[in-house]
Amino acid sequence: MRFRIKKCPKCGRYTLKEICPVCGEQTKSAHPPRFSPEDPYGEYRRKLKKELLGIGVEK
Ligand SMILES: [Zn+2]
């Protein structure tokens, strides 16, 4: 499953929304880099994906 991850240019929040849920700024495509061993955002992407799917998230 693929997600089009967007990022708020203002606060840096990652989201799938067109509008930042934090500050209301128009978001832009995050353009995640191709896979690399370092993949600094991999952990965050997995976490975001889990949240979006409602897996392992305490509410
Ligand atoms: Zn924002």
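Residues numbered from 1 in each chain as written. Predicted model: local features only at pLDDT ≥ 70, side-chain atom pairs only at ≥ 80, totals over all residues. Heavy atoms only, no water.

As for the environment of lysine 49
Tracing the chain through its elements places lysine 49 in helix α1 (residues 42-53). For lysine 49, a relative accessible area of 34% translates into the label partly exposed. Sequence-wise, lysine 49 and isoleucine 5 are 44 residues apart; in three dimensions their C-alpha atoms are separated by 9.8 Å. (Helix = DSSP H or I, 4+ residues; strand = E, 2+ residues; numbered from the N terminus. Buried < 20%, exposed > 50% of the residue type's maximum accessible area, 1.4 Å probe, protein only.)

Comments concerning a nonpolar patch on the surface
On the surface, Leu16, Leu52, Leu53 and Ile55 cluster together into a nonpolar patch covering about 330 Å² of accessible area. If you trace the backbone, isoleucine 55 turns up in the segment after α1. Residue isoleucine 55 is classed as partly exposed on the basis of its relative accessible area of 47%. (Patch = residues over 30% accessible without salt bridge, like charges linked within 9 Å, V, L, I, M, F, W, Y side chains within 5 Å. Areas by Shrake-Rupley, 256 points an atom, 1.4 Å probe, with all protein chains shown as cover. Salt bridge = Lys/Arg side-chain N within 4 Å of Asp/Glu carboxyl O.)

Remarks on the side chain of threonine 27
Residue position: threonine 27 is located in the loop between β2 (14-15) and β3 (28-29). Once residues within four sequence positions are removed from consideration, threonine 27 is found in contact with Lys6, Lys7, Cys8, Pro9, Thr15, Lys17, Glu18, Ile19 and Cys20. (Contact = heavy atoms within 4.5 Å.)

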